Number of protein chains: 2
Amino acid sequence: MTPKPPSRGISRRVLLASAAALAIAPGLALPTSRPAQAQADPLPSWNEGAAKQAILTFVDRVTRQGGPDFVPPPERIATFDNDGTLWCEHPVPVQLVFALDRVKALAPQHPEWKNTQPFRAVLEGDMKALAESGERGLVELVMTTHAGMTTEEFAKIVTDWLATARDPRFKRPYTELVYQPMLELLAYLRANGFKTFVVSGGGIEFMRPWTERVYGIPPEQVVGSSIKTKFEMRRDRPILFRLPELNFNDDKAGKPVAINEHIGRRPIAAFGNSDGDLQMLQWTTMAGGVRFGLIVHHTDADREYAYERNGAFGNLDQALAAAAANQWTVVDMKRDWKVVFPFERR
Amino acid sequence: MTPKPPSRGISRRVLLASAAALAIAPGLALPTSRPAQAQADPLPSWNEGAAKQAILTFVDRVTRQGGPDFVPPPERIATFDNDGTLWCEHPVPVQLVFALDRVKALAPQHPEWKNTQPFRAVLEGDMKALAESGERGLVELVMTTHAGMTTEEFAKIVTDWLATARDPRFKRPYTELVYQPMLELLAYLRANGFKTFVVSGGGIEFMRPWTERVYGIPPEQVVGSSIKTKFEMRRDRPILFRLPELNFNDDKAGKPVAINEHIGRRPIAAFGNSDGDLQMLQWTTMAGGVRFGLIVHHTDADREYAYERNGAFGNLDQALAAAAANQWTVVDMKRDWKVVFPFERR
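The rules behind each value
Residues numbered from 1 in each chain as written. Chains lettered and ligands numbered in written order. Predicted model: local features only at pLDDT ≥ 70, side-chain atom pairs only at ≥ 80, totals over all residues. Heavy atoms only, no water. Pairing = 2+ DSSP bridges. Helix = DSSP H or I, 4+ residues; strand = E, 2+ residues; numbered from the N terminus. Axes fitted to C-alpha atoms, helices over the stretch in contact; angles between N-to-C directions. Buried < 20%, exposed > 50% of the residue type's maximum accessible area, 1.4 Å probe, protein only. Contact = heavy atoms within 4.5 Å. Buried area = accessible area lost by both parts, 1.4 Å probe. Salt bridge = Lys/Arg side-chain N within 4 Å of Asp/Glu carboxyl O. Polar contact = N/O pair within 3.5 Å; in protein donor to acceptor, adjacent residues only side chain to side chain. Nonpolar A, V, L, I, M, F, W, Y, C, P; charged D, E, K, R; others polar. Least-squares fit on C-alpha atoms with pLDDT ≥ 70 in both.

**Concerning the sheet that holds strand E9 (residues 329–332) of chain A**
All names here are of chain A.
- Taken in spatial order, the seven strands of this open sheet run E4-E3-E2-E1-E5-E6-E9, and their pairing is mixed. Among the strands making up the open sheet, the edge pair consists of strand E4 (237–248) and E9. Sheet twist, expressed as the mean angle between neighbouring strand axes with direction ignored, is 30°.
- With four bridges connecting them, strand E6 (residues 292–297) and E9 associate as parallel partners.

**Let's talk about the pairing of strand E5 (residues 269–272) of chain B**
All names here are of chain B.
- Of the two faces of E5, the one carrying Ala269 and Phe271 and the one carrying Ala270 and Gly272 are both buried.
- Of the strand pairs in this sheet, strand E1 (residues 77–80) and E5 are connected by three bridges, and their pairing is parallel. Considered in E5, the bridge of Thr79 is made with Ala270.
- Pairing of E5 with strand E6 (residues 292–297) involves four bridges; the strand directions are parallel. Directly across from Gly272, in E6, lies its bridge partner Ile295.

**Things to note about the interface of chain A and chain B**
- Across the boundary between the two partners, chain A contributes 47 residues, which contact 47 residues of chain B.
- Across the chain A to chain B interface the summed buried area is about 3800 Å²; carbon plus sulfur atoms make up 52%.
- When the buried area of chain A at its contact with chain B is split by residue, A:Glu220, A:Phe231 and A:Glu261 rank highest and sum to 18% of it.
- Across the contact surface, chain A and chain B share eight salt bridges.
- Where A:Glu220 meets B:Lys195, a salt bridge forms, and the shortest distance between an N and an O atom there is 2.9 Å.
- Linking chain A with chain B are 22 residue pairs in polar contact (both at pLDDT 80 or more), by the criterion used here.
- Only helix H7 (151–164), strand E2 (195–203), helix H9 (204–215), strand E3 (222–234), E4, helix H10 (254–262) and helix H11 (278–285) of chain A provide two or more residues apiece to the side of chain A that touches chain B.
- Here the residues of the side of chain A that touches chain B sort into 24 nonpolar, 12 polar and 11 charged.

**Quick word on the relation of the copies chain A and chain B**
- For the pair chain A and chain B, the relating rotation is 180°, the translation along its axis is 0.0 Å, and the fit reaches an RMSD of 0.0 Å. In symmetry terms, the pair is related by a two-fold rotation axis. In terms of proximity to the rotation axis, the leading residue of chain A is A:His262, whose C-alpha is 3.1 Å off the axis.
- The share of interface residues of chain A whose copies in chain B are also at the interface is 100%, consistent with both copies meeting through the same surface.

Structure, rendered in structure tokens:
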């Protein structure tokens, strides 16, 4: 069961700041990049227009051997926000749905939760009371559901949950609510020598178990928020135990810091959808040379969602103003995307 | 000028714990892996013997399609300690030589250092006084020389220093004091589908400016100790400023934690030379399946150095005992390596 959306009083930022996860990914086969095809459209789900043209022009310039803007392949780093940029984050961020479902699954072992907030609110579906528990309540919720097990155990919990959880509107697994045009963009960049990374405020371990299968992005190219882990020998086996303590909040000004720590190179292209991505796009594009920044603008209430300008999912005005000032490309989902989700094509 | 070795009172561990560095690497061309050759010896600088045979057997088992021990290429992760495993750390760890040289270079701007420890000790070459300044003195030395500039400025400082600094015994740049047999091993593993990572107690930014050129390991595959950085806009340009505050100590039990955080997969092969690498080798090899652990034993005072069993460079007894207990391969440098450094072949 997925819960009803909580009120807007629950900030995505608070969730992402505390929801952090490191996990060993299971042995998924790495999808190979499509070879660049001579004439075929590499972005078939994109309508012709300024956004698509800007992408094609950028890739052409940085990959043209001997051209003035050529960038050697090892430096072709592209970073992608996840929530709202690669997959749907509305009406409730997926990782929060996961946390709420985990509380329900664990409740039989915790009879005291019936009388303890914020757990009681979750169990009674009282989203108003949950919102009233504030940041402190959310952090407790996240730490209770994301810590207290080994990294391998957590990866299995995430994988098992994703196998059965369904989005209430689309009745599909959350990993099918990814944006088809962005999947094509990832493959197109890789076919042109780019290395693609996820750089998300979401938990690094919540993403790693499935990013390789869904995005073709292996665990070592996933950057996210994290909690601390501790190395221990347990019955002669080494484990990493997940502690209820924030390690890093990979949002806003944290994104360039994490990009530097994990990748050690400045990206030449970055993709986001909110003010949480501003600093990543600034770091990427305000550096001289041909650079590319893109903001996904959620404008399609019929096929996905049309965001309020400044709501629970960030300060959109600020993101759009920065895009205009820095000549970042803005994708208007309704206008620029032929399809939103892969299942629309079937 | 490189300094004389300090007394053993200066622990490598203390240095590595505090010497941390994050940097943007310059645009070096990525050396490509050699293709596996049908008959040629992939490890020509290794003498025939148990160590070489153990490496060849392991690679054969995990790469044999359809075999019981086959590991898909995305999971072929190999991690290498740096100091004493890939390059020479004797008689003074290179990063400490760098810190001491930086103090001398910066001294004209700091007249007060003539009367302040530990700087006075460095400027007067009084290694006894430096050792007496203890861990606190060393941390101050490292933070003074590694923080207080942007990540790009630090990368340039490291690159410029490496271009002129010379090891006092071999009269060569430190980046030439890398082990030829290990370079061959890195290339051999990559030719067999492995992704090679450095996982070092040394500063991540101290290594990234040169690992691609020297080891063929790009910045995003370098893991190390780090100090904190802060994102700022400075004159309309985004920068990352290096703060005099430890972020992560990538040594001992920190190595598996950092491997999980950066790579998100458990390695199937790990290479080290001291008790600082024990937990990394445990995490790698005590996990079921065919796994490979290797300890480089420094036994060659003529061509390199013969380490004391338990000296400034770690607890060697503990490392060798763990190798015996876990069936890790031990390289006896004197016996197993035909040459130690690349320049011996010229």
